[in-house]
Amino acid sequence: MNHSSTLASLTTISDMANTEDDVTSARDYTVIGDELYALFRDQGDLQALQLAIGHYNAALTEDILDSQCSRSDQLLKLGTALSWRFDLVGDTADLDVAINCHRVAIDLQTPDSLDFPIMHVKHAQMLMKRFGLHVNQSDIDLAIEQYACISNQTDPAHEAWLVALADALVTRFSHWGDVRDLSQAIHLYESVVNFDASNALTSVLGNLSLAHFFRYQQEGDAPDLASSIAYSTEALDKISSEDQNRSVLLNNLANGLLLRFKKLGGTDDLEQAIKSYGSVIELCPPGHKGRLRALSNLASAIMTRYELQASLVDLEISLGYFREALDICPKNHPDRPILLDNLATTLRKRFQHTGDIIDLETSIENHYEALHALPPSHPHRSDTLCSLGNALQSRFAFQGDPDDLVAAVDRYSEALRLRPPSHPERADLLNNIANVAFNLFTEQRNPRNLDLSIEHYSEALQFSPEGFRRSLLLHNLASSLTTRFIYRNDAKDLDWALELGASALELRERGNEYRLSSHIMLANAKGLKYELEGDPAMLQAAFQHLDKAHGMCTPGHPSLLDIWEEYSRIHIHAYSKAPQSTIHLEEAFRYFRSASTHISGGSLPKFRVALRWIKEAEVHKHPSALDAHQIALNMFDRHVTTKPSVESRHRIVREYAASLAVDAASCALRLGLVTLAVEMLEHGRGILWTYLGRFRTPLDDLQSAGEHGCQLASEFVRLGSLLEDAACGAVTEEGLQHYRSLLREWDGVVDQIRLVDGFGDFLLAPSFSKLKEAAKNGPVIITNASQYSCDAVIVHHKHDPIHIPLPDINTSDILRLSEQFRYFATNRGTGRSAERELTELLRQTWDTVVFPVVKTLESSLHLPQGSRIWWCPTGRFNSIPLHAAAPFRKGEKGLPNYYISSYTPTLSALLRCQKPRHVSNDKTPPRILAVGQAAPTGGFAKLGTVDEELDSLQSILPPVMPMTRMTGESATRSESLRAIHSSPWVHLACHGKQDVTRPLKSCFAMSDGPLALLDIVRAPSDSAEFAFLSACHTAAGDNKAPDEVVHLAAAMQFAGFRGVVGTMWAVDDAVVVNMVSAFYEALLERSPDGLNSEHAAVALNTAAKRVDKSVVPLQQRIVFIHIGI
């Protein structure tokens, strides 16, 4: 009978059975179900299987089976049929029901039943199927229980069950990492092999090899590694070349050989491993299920050879294999995180060759993605943590962000918990921890970190008595010892470093590119030895090492930076020993230039070289000093642009460049290049405001340049808004990647704008011809405080800048004056003695700084008395009240009686204030917002005269000038910010807090929390005109980076207020109302028809003279300063 007729006959019988009585139909359901199931197994017909399942279900629902065993048998039949349908159709509901059928069937069956073991086996097989789908630990746990309860380790008949149990244990280990599962699996596999060793199945030998390999990875016992290699070799000897399992066995063998190479360093093992992995690739053509892992393993092995020989060819081959593997790897594949991790490591290695930051950023991104996909107990997690830590350290070395070091420490700390002392990769981890300790030392100069790095390197060496990594550990320890010699001058450290460095070089065979770093390290150590002892042979040896290292580098190699820096350092040492030999000096500066302008390498390392160049050029009065200053400024600007947030940018300025611009300007001034000095100061100061200001550049002219100009302007505004949000927000790793992507888009748009006619200099550093327009309403006096000279420069829009040397004061004097003013203001001295001290400080300021300027204004510019001038102080001059300087001698006038002083952070800031605005024809008086907060949250003392101050202001203003008053609970952070944003005139009477450690967190204290500096910056206003900040420290900058002028008054100016009155130190709540009242009275006298912010500076000068001096002491009369126009 053919298939179709058989099925038709059975279907007919099925239909007839439905017409019989209940008992007969139930029995027939089972019989017909069996016949249908047999037909399915014989011919594979899915319809027959469907019908069989229907009949088995019908028989069960009749519930008239004569015993528990019969019902158990029926459940087994249904479960088995459903399991088959799941295999064919993939409906997981079938598998779930099948598992439940088998569970109930087992419960109904008696343990002495002959079918009992088979029932457990089938149940376990189904559970493993479901585990493969959902990776639910309860499934695999129950499957292992099912196998274990019926497996006899001494009975050869149970061989298949023992192997299945061992396989399940290895699977559970691979997911949750419990090494006890591995040990039990090894025991089971070995019991099976021992049944008949000569005829052991190759599959069992292969699995046993793999289990030993896994246990070696966890515990590091050499016998496990030897067993793994031996079992793989035995299995390969037994298997035919055509056997489909050959690729698996070759892979296992290669894994073992590779690990043995890492432990013992035998290159034959490495080459044999690569050859075996290559054979696996040949056995797994495209489309083969084993190709993914084969590609990954071969790529990893070739990367290991790269670690040994540093061949760029191996690096590129490895990258190609990893990328192909990722391309064919499904998103949810368990190997995907490991692939991402390995690809990331390879990209980091290429970055070390090429210096391409995109490789490093992509590497870190991939490491994080891999880490997020790995559960805490995954065996590979510690590898990923270490690799990520290494990448973060590389980025720190390239960009200098200490957050990367902190993150690296966190990653290594977690990895250390996962790698006990017995772990075979413990030495690598100790080396990584030592690296980060060394980097922390270079960052913080804490000698304990340097000692820790030496301790960890030494411990790692004890774990690596042999093996290919030993040379790396010797090299790293030698480098740390050399650094410790520099700081402690203990010759024993240097001698030990030379010995270790020579050993590392000897272990690195010729042709190995890692010899390059050994030569650099030995050149450094021998150069120091020459400096210590003066032995010419050591000098010659140092240069020989550098020559060899240089010969190993292709043009553009990142290591050339280190080589050239070392050349320059040793030439400086040689010149110091023999100053008559100027060739050493000239060579040193030639190499300084080469290193700091190298096309490859990070901006921070090159910037540091430029700083060293500046130092040596200034000491030796070398003509290259100006070039060094200019290159350092450009390199630092490039470095700062890599930082996404204003917080990180400000921190970088504080750490690396607090005096960079003022020292550069001093160099230019000493060479008579006054306009260049002004441009340098503008380029290197106020970096925060310059950076944020770029995003708000007016684009009216661009929008009038046709449709293309409008499109570019629109895109510029969109990207600028996103970048400003990123700059003012918190930085995460994901946010950093997004920022860099936005920045690349932004740079592309800026490049396109510069191609538009008339926009060739768009966003480029302004020239002096543009900067001098800031002085169109009156001269701007720049006071420059450098360690090399102190100077003043008068900028006038119709004249060349005038340079005024200040020989009677130096940076030490300015620092002393600055600290004295700061101390005096902080301690609020009162009485005649305090006033005498303050007048003496102001007298010194007058004699050494301000009087030479006033004399020049009168004699050279013939500036009439009563004219306005603007001070643009740099460095520590920022905390000196130049506007109040006076001789305090009988018959002599002080500055307030000569000129009306204002301040500006930079010339560009003053230019922004002067930009024309839309003038409304509306003649209504301006709206004035008065915010008063006497009792804010945050532990501030209550202010007793806030209401009095606002009452006084309201009484002074004419009735036609409306004043909106916000006080008490209504003066919240959000409401105050909203009101400030929409008000042209603002008066703030509250607590001001200058955060000396994090200036960007400086704030006004409101009823529900701080109104921070960055909150104000992010709320620009087109209608803002003038703000009076009657609060403490609103114009007190950051004493560690004074040229950034980061304070609340500057923030208000940046937010759009053309004029701001702020305070250089604390104001006295008891007398401030007197100054406020005098100021507004004077302002209204100058502007009887309505308030005019351009009269604010004159009004402040007048108020300081008018107030009752018996009530308002000198320090409170001069605390207020005017900023802007």
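My aim in this report is to walk through the structure given alongside it, one point at a time. None of the values given here were measured: they were computed from a predicted structure.

What counts and what doesn't
Residues numbered from 1 in each chain as written. Predicted model: local features only at pLDDT ≥ 70, side-chain atom pairs only at ≥ 80, totals over all residues. Heavy atoms only, no water. Core = buried A, V, L, I, M, F, W, Y, C linked by side-chain atoms within 4.5 Å. Buried < 20%, exposed > 50% of the residue type's maximum accessible area, 1.4 Å probe, protein only. Helix = DSSP H or I, 4+ residues; strand = E, 2+ residues; numbered from the N terminus. Contact = heavy atoms within 4.5 Å. Axes fitted to C-alpha atoms, helices over the stretch in contact; angles between N-to-C directions. Parallel < 35°, antiparallel > 145°, perpendicular 65-115°, else oblique. Left-handed = near helix turned anticlockwise from the far one by under 90°. Nonpolar A, V, L, I, M, F, W, Y, C, P; charged D, E, K, R; others polar. Pairing = 2+ DSSP bridges. Salt bridge = Lys/Arg side-chain N within 4 Å of Asp/Glu carboxyl O.

On to the nonpolar core. Counting 136 residues, the largest nonpolar core has L692, F1004 and F1079 as the members making the most contacts within it. Broken down by element, the residue count for this core peaks at 10 residues, all from helix α39 (residues 831-859). Apart from the residues within four sequence positions on either side, F1004 is in contact with L988, C990, H991, G1009, P1010, L1011, I1016, L1029, A1031, T1034 and L1048. By size, the runner-up hydrophobic cluster in this structure holds 102 residues, among which are I32, C101, A200 and A325.

A separate point is the packing of helix α18 (residues 381-399) against helix α20 (residues 426-444). Look at α18 against α20: their axes get within 11 Å of each other, and the N-to-C directions meet at 25°. Judged by the angle between their axes, α18 and α20 are roughly parallel. Regarding α18 and α20, the two cross each other, and that crossing is left-handed. Mapping the contact onto sequence places C386, N390, Q393 and F396 in α18 and L429, N432, N435, V436, N439, T442 and E443 in α20. Of the residues that constitute the contact of α18 with α20, the class distribution is four nonpolar, six polar and one charged.

The backbone phi angle of L763 is positive, close to 65°, even though this residue is not glycine. Positionally, L763 belongs in the loop between α36 (733-753) and α37 (768-771). By relative accessible area, which is 23% here, L763 ends up partly exposed. One non-glycine residue, H1033, lies in the positive phi region at around 60°. Position of H1033 among the secondary structure elements: in the loop between β12 (1026-1030) and α44 (1048-1054).

Here strand β14 (residues 1120-1124) lies mainly inside the structure; five of its five residues are buried. The pairing of strand β13 (residues 1059-1063) with β14 spans five bridges and is antiparallel. Residue pairing across strands places G1062 opposite I1121, the latter belonging to β14.

What the rule picks out here adds up to 48 salt bridges. One salt bridge connects D94 with R85, and the closest N-O pair in it is separated by 2.8 Å. For the residue pair D94 and R85, the accessibility class agrees, reading buried in each case. For the salt bridge of K529 with E533, the shortest nitrogen-to-oxygen distance reads 3.1 Å. Remark: E533 and K529 occur in helix α24 (residues 515-533); sequence separation between them is four residues, near one turn of the helix. Given a relative accessible area of 9%, K529 falls into the buried group. When salt bridges that share partners are traced, they join D451, R484, R488 and D493 into one network.

Let us now look at the sheet that holds strand β11 (residues 1009-1012). Spatial ordering of the open sheet is given by β9-β10-β11, a layout of three strands whose pairing is antiparallel. Each end of this open sheet is capped by a strand with a single partner; those strands are β9 (992-993) and β11. Of the strands in this sheet, β10 (1003-1006) and β11 are in contact with helix α42 (residues 973-981), which crosses β11 at around 30°.

Along the polypeptide, H187 turns up in helix α9 (residues 179-195). Here H187 falls in the partly exposed class, since its relative accessible area comes to 47%. Sequence separation between H187 and L208 is 21 residues; the distance between their C-alpha atoms is 9.1 Å.

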